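Observations on the three-dimensional arrangement
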Amino acid sequence: MDAAEQSLRQSLSEKSSSVESQGNAVRALKASRAGKPEIDAAIDLLNKLKLEKSAVEKQLQSTITSSGNGSLNREAFRQAVVNTLERRLFYIPSFKIYRGVAGLFDYGPPGCAVKSNVLSFWRQHFILEENMLEVDCPCVTPEVVLKASGHVDKFTDLMVKDEKTGTCYRADHLLKDYCTDKLEKDLTISAEKAAEFKDVLAVMEDYSPEELGAKLKEYGITAPDTKNPLSDPYPFNLMFQTSIGPSGLIPGYMRPETAQGIFVNFKDLYYYNGRKLPFAAAQIGQAFRNEISPRQGLLRVREFTLAEIEHFVDPENKSHPKFPDVSKLEFLMFPREEQMSGQSAKKLCIGEAVAKGTVNNETLGYFIGRVYLFLTRLGIDKERLRFRQHLANEMAHYAADCWDAEIESSYGWIECVGIADRSAYDLRAHSEKSGVALVAEEKYAEPKEVEKLVINPVKKELGLAFKGNQKNVVESLEAMNEKEAMEMKASLESKGEVEFYVCTLGKNVIIKKNMVSISKEKKKEHQRVFTPSVIEPSFGIGRIIYCLYEHCFSTRPSKAGDEQLNVFRFPPLVAPIKCTVFPLVQNQQFEEATKVISKELTSVGISHKIDITGTSIGKRYARTDELGVPFAITVDSDTSVTIRERDSKDQVRVSLEEAASLVSSVAEGKMTWQDVWARFPHHSSAAADE
């Protein structure tokens, strides 16, 4: 806990005790019918203590709010953003006339345009610039694929039910809400209790169902809507189940991620790429998760767009030839050591982070740098973007290193991109389940003599000992790594038997010396066959877009100063409409010039909108500012026009013929507005200013 907050909570606790004690003293004086001067003096002291307590409360509330834990300002800001987004049809709840369904949203025209622009830039920034192989795989996935990946058994969240109504809630969300509310709104809790709540928030993702249930009971947490008691937490699989074909005999699921389609196609992609590593495959598509209690708008939904990259690399060489291009970038990073010691994220150079081993390897570091460039060029505020390393208890056992690009929003820090070194887990899992070797080869210039581990299970002896479980034991023995195998060999030679855990049986078995032969043999090899490692950047497009909306939203006073006008300051790259065209007044001459400009804008690929309503030019500017349109062309003569830039409200005058090409150059980043401002005559008009 912050030292200032801890000190203030301690002070508030002392002031509260003093107020209570003095209140008791006043009541005692009145009960004993003490003299009026004595009672008045005691009341004066009580009022003084109450004022001191109130001052400390205000200080504490201010400290909580300024440290990012306060919710009042954030909620008001969020409501302003969401109201504007829904009113201007960026997105709305799906099936609205039927009261909607939680976790499902429709993108309206401007929302579709923003999303299309984000995905278009993603393709350019990653697929084109990195020469990636793009695929498009089905959303419906057979169960066997997701069984191999682990999703059927492990893709779960812990759920609780209202014991009377049956309403379901995500258990960790209830605990998180309780702790957060206590920290933000209950100023009377002690510094020790506040520290306890913060500790719970930090570690609750690692709670078992029993530990989570115990915390819910300890804090007396009940169903939010009815205050009824809750069931014990239990796992709920988040995948939407279906069946493939009319017989219903082929079970399947709506995919929870796009990555598995790439993994199962590795062999064909490897051959398509000339049997060379490294290479990357990418996919943009819909994914589905049957969230227990969707909330937070676009941040937690049941159907969403993912953009995922699987970069396949030799596990013995994770260097990257283009790493020097990003190695000097500095941005906020939050390594696990800083998290564990209670520090904050700090700016680090990605080159130094890789050199020191904070980031596991160059390829992972390269993609972290590229993700930073992608997000900041979209319009994400670099001061509210950090890369947080997964703690040890968050990482899968097979992962080498994982970082999340987190963006700060009114909901707090939101994970929007995951960048993980998943080792060779996925390809190995699908190789074992399918029986198809998903491997790569490295041919040697000269044959190499290598020492190979040879594990020969004696199937006859194993069959006699384990009968129907023989296959499980054989597979586990053959899957041992060199260290495990040599330790077993030593134990068998010294003791004659060894205890061995078979994961597919979930228990230990006794392996005797006559059941397996373990040795090392020298062989000449002409090539090395290996399972590639995978570096996976995974982008939640809806989350990125929502955070972009918040980062680009602002208000400014109208010209009269009697209202606040909403503005989305989108970079031209992602703006839903790049330009609006206004005839200053309704007459045929100006409208003909407007049509000419519109035709030219269309020919150079610039999205635009014509507004010929009779409202004032200032109101038309305000309408388009609220949509985030960066440029407005006002036609006020048949030879020249003015071009207005949204953020500065500055205007320049250009010829009719130059207008479309000039807007195109600035919108595509070939020129800046500063270049335009320096080159063309400035225009000032009271009528054109809000």
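Thresholds applied
- Residues numbered from 1 in each chain as written.
- Predicted model: local features only at pLDDT ≥ 70, side-chain atom pairs only at ≥ 80, totals over all residues.
- Heavy atoms only, no water.
- Pairing = 2+ DSSP bridges.
- Helix = DSSP H or I, 4+ residues; strand = E, 2+ residues; numbered from the N terminus.
- Contact = heavy atoms within 4.5 Å.
- Axes fitted to C-alpha atoms, helices over the stretch in contact; angles between N-to-C directions.
- Buried < 20%, exposed > 50% of the residue type's maximum accessible area, 1.4 Å probe, protein only.
- Expected span 1.5 Å × (residues − 1).
- Polar contact = N/O pair within 3.5 Å; in protein donor to acceptor, adjacent residues only side chain to side chain.
- Core = buried A, V, L, I, M, F, W, Y, C linked by side-chain atoms within 4.5 Å.
- Domains from an automatic or database assignment.
- Parallel < 35°, antiparallel > 145°, perpendicular 65-115°, else oblique.
- Left-handed = near helix turned anticlockwise from the far one by under 90°.
- Nonpolar A, V, L, I, M, F, W, Y, C, P; charged D, E, K, R; others polar.

Backbone-to-backbone hydrogen bonds pair the strands of a sheet. The strands run either parallel or antiparallel. Spatially, the nine strands line up as an open sheet ordered β3-β10-β11-β21-β16-β15-β14-β12-β13, and their pairing is mixed. Edge strands, defined here as strands with exactly one partner in the open sheet, are β3 (133–134) and β13 (346–349). In this structure, β3 lies alongside strand β10 (residues 279–288), joined through two bridges in parallel fashion. Note on β10: the bridge partner recorded for L133 is A281. The strands touched by helix α14 (residues 362–378) within the sheet are β11 (303–313), β12 (330–334), β14 (385–389), β15 (401–409), β16 (412–421) and β21 (533–540), with β16 carrying the most contacts at an inclination of about 145°.

Take the environment of V581 next. Along the chain, V581 falls in strand β24 (residues 579–583). Take V581: its relative accessible area is 0%, and that puts it in the buried class. Expressed as a C-alpha distance, the spacing of V581 and I610, which sit 29 residues apart in the sequence, is 4.8 Å. Ignoring anything within four residues of it in the chain, the contact list for V581 reads T594, I597, L601, K609, I610, D611, I633 and V635.

Side chains three or four residues apart in an α-helix point the same way, a direct result of the helix having 3.6 residues per turn. Helix length check: helix α8 (residues 191–203), at 13 residues, gives a terminal C-alpha distance of 19 Å against a target of 18 Å (1.5 Å per residue), a fit within 8%. Every buried residue of α8 is listed here: A191, A194, F197 and V200.

Structurally, K318 can be placed in the loop between β11 and β12. For K318, the side chain forms a polar contact with the side chain of D421, separated by 2.7 Å. Once residues within four sequence positions are removed from consideration, K318 is found in contact with V313, N361, E362, T363, D421 and S533.

The next subject is the nonpolar core. If you look at the biggest cluster of nonpolar residues, it comprises 68 residues, and the most contacted ones within it are W122, F374, L375, F387, F539 and Y549. In terms of residue count, the dominant contributor to this core is α14 (10 residues). If you count residues domain by domain, this core takes at least three from each of domain 2 (79–137 + 255–439 + 531–560) and domain 5 (577–679). Discounting chain neighbours no more than four positions away, the residues touching L375 are I380, L385, A405, I407, V417 and I544.

Where helix α4 (residues 109–128) meets helix α19 (residues 541–552), the axes come as close as 11 Å, and the angle between the chain directions of the two elements is 115°. Overall, the two elements α4 and α19 adopt an arrangement that is roughly perpendicular. Seen along the crossing, α4 lies across α19 with a hand that is right-handed. Taking contact as the criterion, the partners of G111, V114, K115, V118 and L119 in α4 are, on α19, I541, I545 and Y549. Each residue belonging to the contact of α4 with α19 can be placed in one class, and the counts come to six nonpolar, one polar and one charged.

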